[in-house]
Amino acid sequence: MRVLLVGAGGVGTAVTRIAARRPFFDLMVVADYDPARAEAAVAAVGDDRFRAERVDAGDEAAVAALLARHGCDVLLNATDPRFVMPLFRAARKAGASYLDMAMSLSRPHPEQPYEECGVKLGDEQFALAGEWEKAGALALVGMGVEPGLSDVFARYAADELFDEIEEIGIRDGANLTVDGYDFAPSFSIWTTIEECLNPPVVYEKGRGWFTTAPFSEPEVFDFPAGIGPVECVNVEHEEVLLVPRWVDARRVTFKYGLGTEFIETLRTLHLLGLDRTTPVTVPGADGPVAVSPRDVVAASLPDPATLGERMRGKTCAGTWVRGVRDGQPREVYLYHVVDNEWSMAEYGCQAVVWQTALNPVVALELLATGAWSGSGVLGPEAFPARPFLDLLTEYGSPWGLREQ
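Keep in mind that this is a model prediction, so the values were computed, not measured.

The rules behind each value
Residues numbered from 1 in each chain as written. Predicted model: local features only at pLDDT ≥ 70, side-chain atom pairs only at ≥ 80, totals over all residues. Heavy atoms only, no water. 1 Å grid on protein atoms, 1.4 Å probe; cavity = no way out; pocket = protein on both sides within 12 Å on 5 of 7 lines; lining within 4 Å. Points joined across faces, edges and corners; volume = space filled by probe spheres on them. Nonpolar A, V, L, I, M, F, W, Y, C, P; charged D, E, K, R; others polar. Pairing = 2+ DSSP bridges. Helix = DSSP H or I, 4+ residues; strand = E, 2+ residues; numbered from the N terminus. Axes fitted to C-alpha atoms, helices over the stretch in contact; angles between N-to-C directions. Contact = heavy atoms within 4.5 Å. Phe/Tyr/Trp six-rings, centres within 6.5 Å; stacked < 30°, edge-to-face > 60°. Buried < 20%, exposed > 50% of the residue type's maximum accessible area, 1.4 Å probe, protein only.

**Student:** I would appreciate a short explanation of empty space enclosed by the protein in the present structure.
**Tutor:** Empty pockets left among the atoms are what a rolling probe the size of a water molecule brings to light. Tallied over the full model, the rule gives one cavity of 30 Å³ or more. In this model, the largest cavity occupies a volume close to 90 Å³. Of the residues in the lining of the largest cavity, the class split is six nonpolar, five polar and four charged.

This is how it looks when you write it as structure tokens:
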């Protein structure tokens, strides 16, 4: 397998460090708009299977040319969601497989944003599914941790743990703190603003997908591994759009343990218009400059990838499932926990970016060995779960199951 990895930020760098320990690929080209980031990621692994390149992720022709020049047969997208569609199209143009960790962006319903869906996450990609299937090509979408591992858990529950599923709820929580900062998100603030302030989507069988207000339906969920009770709220996320396509469940939700302070900060950004992506004109030393308010917020905060030495605690991603097995009610939580102290000591990566990066590498290995195969635009739950979960354990990062 020859891989083009686009994006050498926190997650992309973690991908290289995880993949360097595995023999399943022959080449991984690490490309970024900033060549210094790509070169640093490659230099850190000290493996001649890696090489650095510069590319603009928004330039489809340049990405397709880079795929062709290095004979890459798969593109792994580790950029933010703004670049999903150009990279998705570039992979199809070059005849390469495609894998991402976040799907094409949504757009709220223009008149009833908190009741009806507008353009949903992934709609632009699924609209082209026939083209990929006709070509016998694979786009594996939403293959990070959430979405990604959480979807694998949903498929595992359907295949091996339940006869009927009433509800699948992705529940994400952590007890991470960052020394020296009052506010320092552990993941991309650009993406966090996007998913937290957009109308959350809920799925119900018979009704389909619909939306609610941001931060709706708060509940306290007790997370394992000493994290404990965390208040979780509805957030827009890909799992709700992916799981019902392949797994039969009466209801699907995604709730994130954000915390009161984080929610209030996001609400303030929205109130001030600092969550907007449309550029505004501001004075500059050389005259007026057009800048996106959200980009300014992101530039004002520390890079999450650099916070590992200051972070303390654990992060947990998981899938709660309620249903029936052998005529009896059953409720379980399938989960994956990463301790920041461990990920920093073992890989030099903070827990959240490492946990995100781990899963696409596992998926790439399954594709390379033929344990997973398919064509079209497919989510993680379109594939058998057991090979993934077994390989995840082999990578030294086992998962857990708790009866509720």
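**Student:** Could you clarify how one ought to interpret the sheet that holds strand 5 (residues 97–100) in this entry?
**Tutor:** A sheet is described by the order of its strands in space; here seven strands give the open sequence 3-2-1-4-5-6-19, paired in parallel fashion. The strands lining the two open edges of the sheet, one partner per strand, are strand 3 (50–54) and strand 19 (376–378). Across this sheet, the average inter-strand angle for adjacent strands is 20°, counted without regard to direction. Running at roughly 175° to strand 3, helix 2 (residues 35–45) makes contact with strand 2 (27–32) and strand 3 of the sheet.

**Student:** Explain the pairing of strand 10 (residues 208–211) here, please?
**Tutor:** Consecutive side chains along a regular strand alternate between the two faces of the sheet. Across four bridges, strand 9 (residues 201–204) lies against strand 10 in antiparallel orientation. Residue V201 lies in a different strand from strand 10, and its bridge partner there is T211. Between strand 9 and strand 10, which pair antiparallel in sequence order, lie three residues; one of them, G206, sits at a positive phi of approximately 95°.

**Student:** What exactly am I supposed to notice about the packing of aromatic side chains here?
**Tutor:** Within a pair of aromatic rings, the relevant descriptors are the distance that separates the centres and the angle that separates the planes. Enumeration according to the criterion identifies 19 aromatic pairs in this entry. Consider the rings of F153 and W399, whose centres lie 6.0 Å apart with planes at 50°: the pair is tilted. Here F153 is found in helix 7 (residues 149–161), whereas its partner W399 is found in the loop between helix 14 (385–394) and strand 20 (400–403), with 246 residues between them in sequence. With a relative accessible area of 0%, F153 lands in the buried category. Residues F183 and F262 carry aromatic rings whose centres are separated by 5.3 Å and whose planes lie at 40° to one another, so their mutual orientation is tilted. In this pair, F183 sits in the loop between strand 8 (177–178) and helix 8 (189–197) while F262 sits in helix 10 (residues 260–271), placing the two residues 79 residues apart along the sequence.

**Student:** Even after reading the chapter, I still don't get helix 7, so can you show me in this structure?
**Tutor:** One turn of the α-helix equals 3.6 residues, which is why residues spaced by three or four share an orientation. The element helix 7 is extensively covered by neighbouring structure, given that 10 of its 13 residues are classed as buried. The set of residues buried in helix 7 consists of L149, S150, D151, V152, F153, A154, R155, Y156, A157 and L161.

**Student:** Explain unusual backbone geometry to me, please; I cannot follow it from the model alone.
**Tutor:** With an omega of 0°, the peptide bond between E146 and P147 qualifies as cis. Mapped onto the elements, P147 comes out in the loop between strand 6 (138–140) and helix 7. A positive phi angle, close to 55°, is found at D326, a residue other than glycine. Looking at the secondary structure, you find D326 in the loop between strand 17 (314–325) and strand 18 (328–339). With a relative accessible area of 65%, D326 lands in the exposed category.

**Student:** Quick question: what am I supposed to make of the environment of A363 here?
**Tutor:** Summarising the element assignment, A363 is placed in helix 13 (residues 351–369). Residue classification places A363 among the buried positions, given a relative accessible area of 0%. Sequence spacing of A363 and E160 is 203 residues, and the spatial spacing of their C-alpha atoms is 20 Å. The residues contacting A363, other than those within four sequence positions of it, are L99, L140, M143, W372 and F388.

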